[in-house]
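Each chain, letter by letter, is given below.
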Amino acid sequence: MREAAHPGRTPHSRRRNRPPGPYRHRNAPGGARHGGARKSPQTSTREPIIQESELCEPEATRRAAGVAESARANRGWWDRNADEYQVEHGTFLGDERFVWCPEGLDEVEAELLGPPEDLKGKDVLEIGAGAAQCSRWLAGQGARPVALDLSHRQLQHALRIGGPFPLVCADAAVLPFADGSFDLACSAYGALPFVADPRLVLREVRRVLRPGGRFVFSVTHPIRWAFADEPGPEGLSVSASYFDRTPYVEQDEEGGAVYVEHHRTLGDRVRDVVASGFRLVDLVEPEWPDWNTSEWGGWSPLRGHLIPGTAIFVCERD
């Protein structure tokens with residue numbers, strides 16, 4: 001979830017050109033405006049390590065972006081914006097909380113990885129861990145998590161908060177683990193929306209899972225790409241083709257990407273899962289809860305009660 005987008009960030013580009021996820025406004029679901037109505041535990045994530053200066057305003061466009069360019073751009077973007085994200089959203093995320101999405105669905109309630117009592121002793125890989133809030137929660141249930149993120153800066157925040165588990169800075173498409181190292185894997189808005197070839201990640205996750213292992217990941221619901229990224233009534237009108245898979249790219253003056261998001265239709269996601277050797281067990285589309293009265297970027301009670309904002313894929317390796 002923490003390798004994903006930036007919830008509270010004021011976008012450089014015009015809203016209608018932005019992708020529909022919580023990305024340009026945050027790093028992942030669970031950002032402060034996702035669920036401000038709920039109380040969260042005291043945290044130490046509000047203090048920045050360093051505040052970095054803003055770059056020149058990038059140009060927002062839709063164009064092709066390959067595997068290497070996407071990884072390079074998003075690693076840089078998260079390294080530059082990790083401080084701001086943790087300062088703004090640390091209170092909601094808590095230091096050891098597992099939130100799947102902007103709707104505020106919590107693993108305590110969802111049990112998508114299984115009953116909490118069954119997590120004890122399990123080896124779990126969190127992909128896109130950011131400050132490792134989810135891994136810290138997993139450790140609290142007796143699991144043995146490993147927190148992985150593309151961004152070194154995000155993992156510095158995880159190191160600052162602390163936790164009895166390893167932190168690994170690596171690309172999810174090239175996992176530095178032996179075959180069959182984990183019982184479970186999870187990713188709350190981490191990695192998959194940002195990679196040009198999601199099957200590379202899915203196949204790597206399958207490789208490091210033991211037979212029968214479960215992988216659960218959440219992404220922006222694909223239907224959101226057809227709508228304007230606005231929280232009000234204007235965000236209920238279709239503004240682009242759902243079938244246009246051209247990546248959203250923010251680029252510098254020389255045309256180099258500094259931020260990239262990739263779109264897959266719902267059918268694409270299902271085919272990616274199956275083609276990578278997983279069995280799709282469940283597809284969860286969280287409904288907007290009445291307690292969540294916040295607006296955050298394009299997320300709002302108005303839109304949330306009418307169209308889905310998140311898709312969570314529950315997969316198992318046979």
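In case you missed it, the structure is sitting above this.
Residue positions are counted from 1 within each chain, in the order its sequence is given. Owing to the predicted nature of the model, reporting of local features is limited to residues with pLDDT of at least 70; listing and counting of side-chain atom pairs is limited to 80 or more, with chain, interface and lining totals taken over all residues. Side-chain metrics rest on all non-hydrogen atoms present in the structure, leaving aside hydrogens and water.

**Thoughts on the overall build of the protein**
For step 1, the next point in the chain: Counting its regular elements, the protein contains seven helices and 10 strands.
For step 2, the next point in the chain: The buried label applies to any residue whose accessible area, calculated with a 1.4 Å probe on protein chains only, is under 20% of its type's maximum; exposed applies above 50%, and partly exposed to all values in between. Buried positions account for 59% of the 318 residues belonging to the protein.
For step 3, the next point in the chain: Total accessible area on the protein stands at roughly 12,000 Å², and carbon and sulfur atoms take up 51% of it. Where helices and strands are cited, they refer to DSSP runs of H or I of at least four residues and of E of at least two residues respectively, numbered from the N terminus. To measure how exposed things are, a 1.4 Å probe is used in the Shrake-Rupley method; for residues, cover is taken only from the protein chains shown.

**Some words on the sheet that holds strand β1 (residues 59–62)**
Two orientations exist for strands paired in a sheet by backbone hydrogen bonds: parallel and antiparallel.
For step 1, the next point in the chain: Should DSSP find at least two bridges between two strands, the strands are taken to pair. Taken in spatial order, the three strands of this open sheet run β1-β7-β8, and their pairing is antiparallel. Only two strands of the sheet have a single partner each, and these edge strands are β1 and β8 (257–261). Direction aside, the axes of adjacent strands within the sheet are offset by 20° on average.
For step 2, the next point in the chain: Both strand β7 (residues 248–251) and β8 contribute to a ladder of four bridges, which runs antiparallel. Its bridge partner being in β8, Tyr248 is matched across the sheet by Glu261. Axes here refer to lines fitted to C-alpha atoms; in helices the fit is confined to the stretch in contact. Angles between the N-to-C directions go from 0 to 180 degrees.

**Thoughts on the side chain of Arg317**
For step 1, the next point in the chain: Looking at where Arg317 falls in the secondary structure, it is placed in strand β10 (residues 310–317).
For step 2, the next point in the chain: Whenever two N or O atoms come within 3.5 Å, that pair is a polar contact, provided that in protein one can donate a hydrogen and the other can accept it, and provided that, for residues adjacent in sequence, both atoms are side-chain atoms. Polar contacts involving the side chain of Arg317 include one to the main-chain carbonyl oxygen of Leu209, which spans 2.5 Å.
For step 3, the next point in the chain: Not counting residues within four places of it along the chain, the set of residues in contact with Arg317 comprises Arg206, Arg207, Leu209, Arg210, Pro211, Gly212, Gly213, Gly277 and Phe278. Every residue pair with non-hydrogen atoms within 4.5 Å of one another is taken to be in contact.

**A word on the pairing of β8**
For step 1, the next point in the chain: Burial analysis of β8 places five of its five residues in the buried class, the great majority of the element.
For step 2, the next point in the chain: Counted along the chain from β7 to the antiparallel partner β8, the turn is five residues long, and its residue Gly255 has a positive phi close to 85°.

**Regarding helix α6 (residues 266–275)**
For step 1, the next point in the chain: Those residues of α6 that fall on the buried side of the exposure criterion are Asp268, Arg269, Asp272 and Val273. Seen end-on, α6 carries its buried residues on one side only, within an arc spanning 135°.
For step 2, the next point in the chain: Where α6 is buried, its residues touch α5 (198–208), β6 (209–220), β9 (278–284) and β10.
For step 3, the next point in the chain: In the stretch just after α6, Gly277 is the one whose phi turns positive, near 95°. Of all possible arcs, the one meant is that of the directions from the helix axis to the C-beta atoms.

**A few points about the sheet that holds β6**
For step 1, the next point in the chain: Strand order in the open sheet made by the seven strands is β4-β3-β2-β5-β6-β10-β9, with mixed pairing throughout. Bordering the open sheet on either side are β4 (167–169) and β9, each of which pairs with just one other strand. Averaged over all pairs of adjacent strands, the angle between strand axes in this sheet comes to 20°, irrespective of strand direction.
For step 2, the next point in the chain: For strand β3 (residues 144–149) and β4, the ladder comprises three bridges, and the chain directions are parallel. Each bridged residue has a counterpart across the sheet, and for Ala147 the counterpart in β4 is Leu167.
For step 3, the next point in the chain: Along the sheet, helix α4 (residues 152–161) makes contact with β3 and β4, crossing β4 at roughly 170°.
For step 4, the next point in the chain: Along the sheet face, α5 touches β2 (123–127), β5 (182–188), β6, β9 and β10 and points at about 145° away from the line of β6.

**Examining the packing of aromatic side chains**
Within a pair of aromatic rings, the relevant descriptors are the distance that separates the centres and the angle that separates the planes.
For step 1, the next point in the chain: Ring pairs shown here join Phe, Tyr and Trp side chains whose ring centres sit within 6.5 Å, with only the six-membered ring taken for Trp; geometry is labelled stacked below 30 degrees between planes, edge-to-face above 60, and tilted in between. Evaluation of the coordinates by the stated rule reveals 12 aromatic pairs.
For step 2, the next point in the chain: With 6.3 Å between their ring centres and 75° between their planes, Tyr248 and Tyr259 make a pair best called edge-to-face. Of this pair, Tyr248 sits in strand β7 while Tyr259 sits in strand β8; the two residues are 11 residues apart in sequence, bridging distant segments of the chain. Each member of the pair, Tyr248 as well as Tyr259, is classed as buried.
For step 3, the next point in the chain: Among the aromatic residues, ring-to-ring pairing joins Trp77, Trp78, Tyr85, Phe194, Tyr248 and Tyr259 into one connected group.

**Comments concerning the side chain of Asp272**
For step 1, the next point in the chain: Note that Asp272 resides in helix α6.
For step 2, the next point in the chain: Excluding its chain neighbours within four sequence positions, the residues that come into contact with Asp272 are Pro198, Arg199, Leu202 and Arg264.

**What about the pattern of salt bridges?**
For step 1, the next point in the chain: Criterion for a salt bridge: a side-chain nitrogen of Lys or Arg within 4 Å of a carboxyl oxygen of Asp or Glu. Within this structure, the stated rule accounts for 16 salt bridges.
For step 2, the next point in the chain: Across the pair Arg210 and Asp123 runs a salt bridge whose closest N-O atoms are separated by 3.0 Å. With Arg210 in strand β6 and Asp123 in strand β2, this pair connects stretches of sequence that are 87 residues apart.

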